[in-house]
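Geometric and topological summary
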Amino acid sequence: MQQLTPLHVVGLLATIALIIGIGIYSGRKVKSAADFSSGGSRAGAWIVCGAIMGTLVSGQATIGTAQLAFSFGMSAWWFTLGSGLGCLILAIGFAAPYRRSGCSTLLQIVSKEYGPRAESLGSIFCSIGIFISVVAQVLSATALLITIFPISHLAAALVSIALMAFYVIFGGMWGAGMGGVAKLILLYVSSIVGGILVFGLAGGLDGLMETLQNLLAGTGLGQVSGITGDVTISSRFTSLIARGASKDIGSGLSLILGVLSTQTYAQAIWSGKTDSAARKGALLSALLIPPIGIACILIGLYMRGHCITADEVAALQALGQAVPDGLIRLESTAQVFPVFVVNFMPKLLGGIVLGTLFITVVGGGSGLALGMASILVTDIFARKNPKIKESGTNLKVTRGTIMVILVVAVIVAILVPGAMINDLGFLSMGLRGAVVFLPMCGGLWLKGKIPSRFALAAIIAGPIAVLVGNFLLNLPFDALFFGMAVCLVIMAVGLAAGKHNQASLSSH
């Protein structure tokens with residue numbers, strides 16, 4: 001735990017109070033299930049942008065990026081870079097088709113073309129993918145809370161989901177959008193100040209790299225950190241493909257496909273009052289997200305030069321080597337960002353940044369939970385019980401489903417406390433892309449050309465291939481490529497079969 005001063009606490013509480021106030025205010029705009037899920041389609045470009053960034057710029061984009069940069073430098077940019085590229089493609093190619101589809105979930109687009117079985121199966125796999133990201137948000141929030149307060153992992157996780165629930169259950173998409181705009185402003189101030197501080201403290205990029213060189217090159221700490229043989233400081237920390245081209249580029253691709261295939265971001269598009277507002281909101285997100293990643297990377301690199309983890313201490317002691325003096329000890333690399341804020345930022349500003357980070361994580365988790373609940377309620381529950389389609393009942397069931405999702409996420413987060421946050425994010429996005437992207441594209445642009453049985457097979461086989469590739473096969477490339485290749489082959493065979501059937505029918 002880091003020692004907070006009264007000024008830290010004032011800044012932290014003021015920021016949280018601001019966002020809670022916005023949540024209460026936004027709740028007044030919710031009069032129906034449509035208001036809750038899509039803002040009643042009355043949102044302007046900045047609210048659309050806030051709704052997208054309120055979820056996409058989350059614990060993975062901030063705390064997770066700094067965590068990954070601590071170990072692999074610039075390759076941590078793929079989360080925010082891929083997010084920005086995904087938003088760009090969303091604005092240019094998908095915003096208008098989503099809105100013209102007349103659907104309220106992405107899987108309804110699939111269902112209109114390929115039938116209710118495709119929608120139900122897709123809902124299950126998509127929900128698993130989104131749930132993994134919710135767990136990542138809970139892990140981020142827990143790491144932040146145990147860094148600044150003397151509480152257990154369980155208590156921190158419970159506090160996290162309580163605030164996630166409050167953030168979204170009252171305001172829904174309005175809460176996510178309006179809170180996202182406020183968070184966007186606070187986050188940019190935090191990132192700019194953090195980046196400026198790193199440059200000043202480190203003496204620019206040259207000073208930053210010199211510190212890493214002195215600490216890690218040819219030393220015991222460098223050895224236990226994996227910097228051995230032909231691995232240089234430059235190749236480890238300044239390369240976008242430090243973890244391997246297929247892994248890092250695959251991670252970026254998973255973000256692009258995940259953005260295009262995730263219910264939460266589609267809901268933000270549907271919330272726009274016009275096609276232009278929806279498109280501009282996505283374009284603003286594409287412009288604003290990547291620079292946040294750069295700031296978080298700088299913080300991660302600076303902390304690599306000034307910190308040592310508990311695991312590294314244990315490894316050095318096991319090798320009989322001395323532990324370097326003067327380094328800050330971290331229980332987990334997930335604490336990199338919050339420990340930087342407490343130790344190196346002005347106290348009042350540091351408190352505001354801690355509050356912003358916490359709300360960033362809370363907003364991300366709550367927005368994802370809203371998207372997952374919308375899928376489950378609309379695509380599964382309402383099919384089983386038509387009464388759920390009624391506005392009042394739908395609203396109650398959606399809110400209850402969000403609570404259940406968050407409680408289960410806490411249980412999982414407690415069972416896997418040491419997971420790498422961004423790795424969970426990449427897996428989550430890859431799963432969503434493998435389930436939804438190609439069948440959805442078929443439903444938008446290849447109507448009547450692919451038999452439903454092939455789309456159904458792709459929806460099942462794609463995510464299974466991603467999971468098998470991640471956990472069972474030692475693939476030399478990212479498992480997302482494997483999953484998407486399986487989907488593409490199945491859909492291509494279906495397209496050929498569909499054309500063959502149409503040719504047979506036309507010849508009779």
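Fair warning: this is a prediction, and the values are worked out from it, not measured in the lab. (Residues numbered from 1 in each chain as written. Predicted model: local features only at pLDDT ≥ 70, side-chain atom pairs only at ≥ 80, totals over all residues. Heavy atoms only, no water.)

**Side note on the overall build of the chain**
Helix and strand counts for the chain come out as 22 helices and two strands. Residue pairs at least 24 apart in sequence account for 84% of intrachain contacts in the chain once pairs closer than 6 positions are excluded. Carbon and sulfur atoms provide 67% of the accessible area of the chain, an area that totals close to 18900 Å². (Helix = DSSP H or I, 4+ residues; strand = E, 2+ residues; numbered from the N terminus. Contact = heavy atoms within 4.5 Å. Areas by Shrake-Rupley, 256 points an atom, 1.4 Å probe, with all protein chains shown as cover.)

**Some thoughts on the packing of aromatic side chains**
Applying the stated rule across the entire model yields eight aromatic pairs. Both rings, one in Tyr302 and one in Phe344, keep their centres 5.2 Å apart while their planes meet at 90°; by these two values the pair is edge-to-face. Of this pair, Tyr302 sits in helix 15 (residues 275-304) while Phe344 sits in helix 17 (residues 336-344); the two residues are 42 residues apart in sequence, bridging distant segments of the chain. With a relative accessible area of 22%, Phe344 lands in the partly exposed category. The structure contains a cluster of three or more aromatic residues connected by ring pairs, namely Phe94, Tyr98, Trp270, Phe437 and Trp445. Lying across the ring of Phe237, Arg236 places its NZ or CZ 5.9 Å from the centre. Above the plane of the ring of Phe72 lies Arg243, whose end atom (NZ or CZ) is 6.0 Å from the centre. (Phe/Tyr/Trp six-rings, centres within 6.5 Å; stacked < 30°, edge-to-face > 60°. Buried < 20%, exposed > 50% of the residue type's maximum accessible area, 1.4 Å probe, protein only. Lys NZ or Arg CZ within 6 Å of the ring centre and 35° of its normal.)

**Let's talk about a nonpolar patch on the surface**
A cluster of nonpolar side chains, namely Leu85, Leu88, Ile89, Ile92 and Leu283, defines an oily patch on the protein surface of about 410 Å² accessible area. It is helix 5 (residues 78-100) that provides the largest number of residues to the nonpolar patch, a total of four residues. (Patch = residues over 30% accessible without salt bridge, like charges linked within 9 Å, V, L, I, M, F, W, Y side chains within 5 Å. Salt bridge = Lys/Arg side-chain N within 4 Å of Asp/Glu carboxyl O.)

**Looking at the environment of Ile289**
Locating Ile289 in the fold gives a position in helix 15. It is 7.1 Å that separates the C-alpha atoms of Ile289 and Val57, two residues lying 232 residues apart in sequence. With residues up to four places along the chain from it excluded, the contact list for Ile289 reads Met53, Leu56, Val57, Thr80, Ser83, Gly84, Cys87 and Tyr188.

**Thoughts on the nonpolar core**
In a soluble, globular protein the nonpolar side chains are often hidden away together inside. Tyr98 and Met440 are the most contacted members of the largest nonpolar core, which has 158 residues in total. Dropping the residues within four chain positions of it, Tyr98 is found in contact with Leu90, Leu106, Ile109, Leu260, Ala266, Ile269, Trp270, Met440 and Leu444. (Core = buried A, V, L, I, M, F, W, Y, C linked by side-chain atoms within 4.5 Å.)

**Overview of the pattern of salt bridges**
Applying the stated criterion across every chain yields a total of five salt bridges. Across the pair Arg99 and Asp275 runs a salt bridge, and its minimum N-O distance is 2.5 Å. Taken together, the residues Arg99 in helix 5 and Asp275 in helix 15 connect sequence positions 176 residues apart. Linking Glu119 and Arg383 is a salt bridge whose minimum nitrogen-to-oxygen distance equals 2.1 Å. Of this pair, Glu119 sits in helix 7 (residues 116-148) while Arg383 sits in helix 18 (residues 347-384), and the two are 264 residues apart along the sequence. Looking at Arg383, the relative accessible area reads 42%, which means it is partly exposed. Overlapping salt bridges, with partners in common, bring together Arg243, Asp248 and Asp423 in one network.

**Details of the side chain of Thr333**
Mapped onto the elements of the fold, Thr333 is located in the loop between strand 2 (328-330) and helix 17. A residue is classified by how much of its surface remains accessible, and Thr333, at 17% relative accessible area, is buried. Beyond its immediate stretch of four places on either side in the chain, Thr333 contacts Gln67, Phe70 and Thr309.

**Re the environment of Gly220**
Topologically, Gly220 is positioned in helix 11 (residues 220-224). You can call Gly220 buried: its relative accessible area is 14%. The residues touching Gly220, leaving out its near neighbours within four places in the chain, are Leu316 and Gln321.

**Digging into helix 14 (residues 263-271)**
For helix 14, a buried count of nine out of nine residues is recorded, marking the element as mostly surrounded by other parts of the structure. Among all positions of helix 14, only Gln263, Thr264, Tyr265, Ala266, Gln267, Ala268, Ile269, Trp270 and Ser271 are buried.

**Section: helix 17**
Given 3.6 residues to a turn, an α-helix orients residues that are three or four positions apart in the same direction. Burial analysis of helix 17 places seven of its nine residues in the buried class, the great majority of the element. Those residues of helix 17 that fall on the buried side of the exposure criterion are Val336, Phe337, Pro338, Val339, Phe340, Val341 and Val342.

**Section: the environment of Leu255**
Examined against the element boundaries, Leu255 turns out to sit in helix 13 (residues 245-260). Taking the C-alpha atoms as reference points, Leu255 and Ser428, 173 residues apart in sequence, are found 9.0 Å from one another. Excluding residues that lie within four positions of it along the chain, Leu255 makes contacts with Trp78, Phe79, Gly82, Ser83, Phe426 and Met429.

**Concerning the packing of helix 20 (residues 421-445) against helix 21 (residues 452-471)**
Contact geometry of helix 20 with helix 21 gives a least axis separation of 8 Å together with a crossing angle of 155°. By the angle between their directions, the pair helix 20 and helix 21 is classed as roughly antiparallel. Both helix 20 and helix 21 take part in a crossing whose hand is right-handed. Across the interface between the two elements, Leu427, Gly430, Leu431, Ala434, Val435 and Pro439 from helix 20 touch Ala458, Ile459, Gly462, Pro463, Val466, Leu467, Asn470 and Phe471 from helix 21. Split by residue class, the contact of helix 20 with helix 21 holds eleven nonpolar, three polar and no charged. (Axes fitted to C-alpha atoms, helices over the stretch in contact; angles between N-to-C directions. Parallel < 35°, antiparallel > 145°, perpendicular 65-115°, else oblique. Left-handed = near helix turned anticlockwise from the far one by under 90°. Nonpolar A, V, L, I, M, F, W, Y, C, P; charged D, E, K, R; others polar.)

**Some words on the packing of helix 3 (residues 45-56) against helix 14**
At their nearest, the axes of helix 3 and helix 14 sit 8 Å apart, and the two run at 170° to each other. Comparing the axis directions of helix 3 and helix 14 gives the class roughly antiparallel. In this structure, helix 3 contributes Val48, Ala51, Ile52, Thr55 and Leu56 to the contact, and helix 14 contributes Thr264, Tyr265, Ala268 and Ser271. In terms of residue class, the contact of helix 3 with helix 14 is built from six nonpolar, three polar and no charged.

**Focus on the confidence of the model for the chain**
Per-residue confidence for the chain gives a mean pLDDT of 86, with 89% of residues at or over 70. Contacts of residues 35-39 to residues separated by more than four positions or lying in other chains number 28 contacts, the stretch itself having pLDDT below 50. Taken as a whole, residues 171-177 scores under 50 in pLDDT and shows 34 contacts with residues more than four places along the chain or in a different chain. (pLDDT = per-residue confidence, 0-100.)

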